[in-house]
Amino acid sequence: MSELIWFKGGRIAAEDSAKLEQLDVLVEGGKIIRVAEEVKAPEGAEVVDCEGCVIAPAMFDVHVHAREPGREDKETIETCSEAAINGGVTGMVLMPNTLPAIDSGGLVQSVLDIAAEKSRIPIWQSGCITKGRAGKELAGIAGMKSKGVPVITDDGDSVADPMVLLRAMQYAKRFDLILAMHCEVKELSGFGAMNEGVVSYRLGIPGIPACSEEICLDRDIRLAQYTGARVHIQHVTSARGMETIRRFKEEGVKVTCEVTPHHLLFNEEHIGDYDTHYKMNPPLRTQKDNELLLQALIDGVFDVIATDHAPHTEFEKNSDFVSAPFGITGLDTALVSLYHHYVKTGIFGWDLLVKRYSAEPRRLTNLEPVPVVEGGVAELIVFDPNRKTKFTRDFMKSKSSNTPFLDQELDGQIISVIRDGEFLLNR
Amino acid sequence: MAETEIKSRKDLLDIESLSIEEIEYLLKTAEPFKELFRRSVKKVPTLRGKTVLTLFYEPSTRTRTSFEVAANRLSADVTNFAVSTSAVVKGESILDTIETLQAMRTDYIVIRHGASGVPALIAKHTRASVLNAGDGFHAHPTQALLDAFTVREVYPETEQKRILIVGDILHSRVARSTSTIMRKMGMEVGVLGPGSLVPEGRPDYMKSFWNWEDALAWKPDVVYLLRVQMERQEQQFFPSLGEYHRVYGLTSERFKRVEGAGIYLMHPGPVNRGVEIVDEAMAYERCLINQQVENGIATRMAALYWLKPGEENER
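Since we're looking at a predicted model, the values are computed, not measured.

1. Things to note about the overall build of chain B
Phase 1: Along the backbone of chain B there are 10 helices and nine strands.
Phase 2: Taking 315 residues into account, the globule formula puts the C-alpha radius of gyration at 20 Å, and chain B, at 19 Å, falls close to it.
Phase 3: Projected onto its principal axes, the C-alpha positions of chain B cover 60 × 45 × 35 Å.
Phase 4: As displayed, chain B has an accessible area near 13,200 Å², and 48% of this comes from carbon and sulfur atoms.
Phase 5: The distance from the centre of the 40 positive side-chain charges to the centre of the 42 negative ones in chain B is 3 Å.

This is how it looks when you write it as structure tokens:
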């Protein structure tokens, strides 16, 4: 590998500019040393022809289930990080709902040790709010913080007892930790497996009403307002819930929130004839919710896009709808699917993608964004809008392929991913 | 059998996907089968050499027996595949079971399962014709067909006739399938039940009533009582069986009004006497419960007759 890499003729995407500027980029050893209309590269520079391509800061995902330790049959940190790279993601925050749940500094360290050995991208491990995610006693918060945990969460479940959550907020606030909340009133969700409404009636599947999420979300933000803690609302699905967040934000409450690609793109109707690739928790809602969530993303209500990458084996998903586990993968597919459905069609621009899936997720994790500017770190992707991506099992690097995009062909392809002066991907 | 042949299907999974022509064809086909029951020899050789497998993940005596009798009268060989009904059977074991069934080269599979969508899952993976004998809260298509057949016997013109379905709509596959078929046959559908058992997302055509007074004022032609699912009381949906009977049950007083108006009574069985229906209503001459049972055999014969399994080499 040559020391110097010359990205020639690409158009640069940035979070603060709707226009893509055609500029050459010269990278040396992990640094961007020159961004200009026409760079005169020295002899021996490796040339990457970016004619017609977009050069963008690499993506960052704050909501990923790598399944290690405990369910390595679904995913490992190694396969998960490869899926991330395949999808243009060069950093991610792993959820702690593994087996065992990551609820102490020692367990955080054990994951980081595996990551150091197996992952080609940096990984941040989040910790539990409560021991074993049981919702009763506080987890080892100071210990986890000392191992670099940026966020604590009992993701997969809400913290059911509001007093436990209140204490957790008061405590975690002094460690400058964000609490990421999975919002669900379990008693209201019951045995539900999909959104409660016309489709659940037709399919005879027990429903999860949107108010199960909305009530908990409202409660969690009110507790944050009261305690002054920073909360992050995970995977918002309902327009009414989103409106609650918007209102509290306007009041100045320290709340951030995320939306997943699937809650933007799909709704309960996609379940069709019991397709378990559309089963996740919180569930897909209605077409109206899709429209309103998309508008809220454009309006800036959502701070970040995150995938909630949730691998499951084919065996588990190839089951009846009620028995099949909740969740779909997302790392391999997120960027291309968002490009295909929204950027290519002009619904939003690369600036939004960069802001919401690269810059803001890094800020949320207390990291600096990685804009493609002179003097910046070279952590970027080259995206060719003229190529296509077919999401075959072979193409996807996740160990599981439980995604609605399986075997779909979409416009656009990530052709290179560069980090630390190295090509992590070069197609 | 019927004058115009309608193209066969491989599976019978729900009512929603059936066209009105297919429904009419099935009802028509059931007629001569019912005639057959009056003869001394009740068997026809239609399915000789074919095998029918019954696979019931939920306990059921009536439906299973009805299918067995139907298959026997078509001269098919019937096997009962014994599955555990005691524990909650997880989806995982179903896929393994499918492999086993595939190896048995059975032609028809009659399945009942507690989870909605399981018959569809099995149908996708096997060449055999799958008959849904009830899945979760989703569908019970042969019950709907026998109900439609029974209504047709008393009302040859079903257009604009009114059926009132009473009870636990939320957990009822019978309510879903039977309301769908009645609607397809041009009937008006009303439901009456406790607010906690009449589900969100029900179709707009369903007229909802919350007391008998309003429901009877609507002048239904048929009252269809659903079984109160005593076993589904792990969550409380109404305060007590006594209160249920007083508010939503067919009490003596209400039965007198039903009788006075000449309204037909139906029930999918088995009946909880004294809960959803009073004793004396069982002896009412317009109580169609026994006809429903008899018609169940005829319509299930029609369904078996109509379905065609996939080719040997197909999955």
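There's more to say after this.
2. As for the domain arrangement of chain A
It is common to give the size of an interface as the accessible area that goes away when the parts come together.
Residues and elements named next belong to chain A.
Phase 1: The assigned domain composition of chain A is domain 1 (4-55 + 374-426) and domain 2 (59-364).
Phase 2: Here the C-alpha centroids of domain 1 and domain 2 sit 27 Å apart.
Phase 3: Each partner contributes residues to the interface: domain 1 has 35 residues there, and domain 2 has 47 residues.
Phase 4: In total, domain 1 and domain 2 occlude about 3,400 Å² of area from one another, counting both sides; carbon and sulfur atoms represent 62% of this.

3. Digging into the interface of chain A and chain B
Phase 1: Counting residues at the interface gives 19 residues for chain A and 28 residues for chain B.
Phase 2: The largest contributions to the chain A side of the interface with chain B come from Y201, F315 and D320 of chain A, which together make up 36% of the buried area.
Phase 3: With a closest N to O distance of 3.5 Å, R202 of chain A and E16 of chain B form a salt bridge.
Phase 4: Put simply, chain A and chain B have four residue pairs in polar contact (both at pLDDT 80 or more) between them.
Phase 5: Of the residues forming the side of chain A that touches chain B, the biggest block, four residues, is contributed by helix α6 (residues 198-203) of chain A.
Phase 6: The class makeup of the residues in the side of chain A that touches chain B is 10 nonpolar, five polar and four charged.

4. So, the packing of helix α1 (residues 77-86) of chain A against helix α2 (residues 105-118) of chain A
Residue and element names in this part refer to chain A.
Phase 1: The geometry of α1 relative to α2 is characterised by a closest axis approach of 9 Å and an angle of 60 degrees between their N-to-C directions. Between α1 and α2, the interaxial angle falls into the category oblique. In the packing of α1 onto α2, the handedness of the crossing is right-handed. Residues I77, E78 and S81 of α1 touch α2, and the partners they reach there are V111, I114, A115 and K118.
Phase 2: Split by residue class, the contact of α1 with α2 holds four nonpolar, one polar and two charged.

5. Some points on the packing of aromatic side chains
The description of an aromatic ring pair rests on the distance of the ring centres and on the angle between the ring planes.
Phase 1: Enumeration over the complete set of coordinates arrives at 17 aromatic pairs over all chains.
Phase 2: Taken together, the aromatic side chains of F266, Y278, F391, F395 and F405 of chain A make up a single cluster linked through ring pairs.
Phase 3: Just above the ring of Y201 of chain A sits the side chain of R176 of chain B; from NZ or CZ to the centre is 4.4 Å.
Phase 4: Directly above the ring of F67 of chain B sits R300 of chain B, whose terminal nitrogen or CZ lies 4.9 Å from the centroid.

6. Re unusual backbone geometry
Phase 1: In this structure, the amide linkage connecting L99 of chain A to the following residue, P100 of chain A, adopts the cis form with an omega of 0 degrees.
Phase 2: Residue position: P100 of chain A is located in the loop between β9 (89-94) and α2.
Phase 3: In the segment running from N281 of chain A into P282 of chain A, the intervening peptide bond is cis, with an omega of 0 degrees.
Phase 4: As for its placement among the helices and strands, P282 of chain A is situated in the loop between α9 (261-265) and α10 (287-299).
Phase 5: Phi is positive for D420 of chain A, close to 60 degrees, though the residue is something other than glycine.
Phase 6: By the secondary structure assignment, D420 of chain A is in the loop between β19 (409-419) and β20 (422-426).
Phase 7: Of note in this structure, S75 of chain B is not a glycine but carries a positive phi near 70 degrees.

7. So, the sheet that holds strand β6 (residues 188-192) of chain B
Where strands meet in a sheet, backbone hydrogen bonds hold them as pairs that are either parallel or antiparallel.
Residue and element names in this part refer to chain B.
Phase 1: Ordered by their spatial adjacency, five strands build an open sheet running β7-β6-β5-β8-β9, and the pairing between neighbours is parallel. The two strands at the open ends of the sheet, each matched to only one other strand, are β7 (207-209) and β9 (264-266). When the angles between neighbouring strand axes are averaged without regard to direction, this sheet yields 25 degrees.
Phase 2: Note that strand β5 (residues 162-166) and β6 share five bridges and pair parallel. Within β6, the position partnered with R162 by the bridge is E188.
Phase 3: Contacting β8 (222-225) and β9, helix α5 (residues 141-154) crosses the sheet at an angle of about 165 degrees to β9.

The rules behind the values
Residues numbered from 1 in each chain as written. Chains lettered and ligands numbered in written order. Predicted model: local features only at pLDDT ≥ 70, side-chain atom pairs only at ≥ 80, totals over all residues. Heavy atoms only, no water. Helix = DSSP H or I, 4+ residues; strand = E, 2+ residues; numbered from the N terminus. Rg over C-alpha atoms; globule rule 2.2 N^0.38 Å. Areas by Shrake-Rupley, 256 points an atom, 1.4 Å probe, with all protein chains shown as cover. Lys, Arg positive; Asp, Glu negative; His and termini not counted. Charge placed at Lys NZ, Arg CZ, Asp CG, Glu CD. Domains from an automatic or database assignment. Contact = heavy atoms within 4.5 Å. Buried area = accessible area lost by both parts, 1.4 Å probe. Salt bridge = Lys/Arg side-chain N within 4 Å of Asp/Glu carboxyl O. Polar contact = N/O pair within 3.5 Å; in protein donor to acceptor, adjacent residues only side chain to side chain. Nonpolar A, V, L, I, M, F, W, Y, C, P; charged D, E, K, R; others polar. Axes fitted to C-alpha atoms, helices over the stretch in contact; angles between N-to-C directions. Parallel < 35°, antiparallel > 145°, perpendicular 65-115°, else oblique. Left-handed = near helix turned anticlockwise from the far one by under 90°. Phe/Tyr/Trp six-rings, centres within 6.5 Å; stacked < 30°, edge-to-face > 60°. Lys NZ or Arg CZ within 6 Å of the ring centre and 35° of its normal. Pairing = 2+ DSSP bridges.

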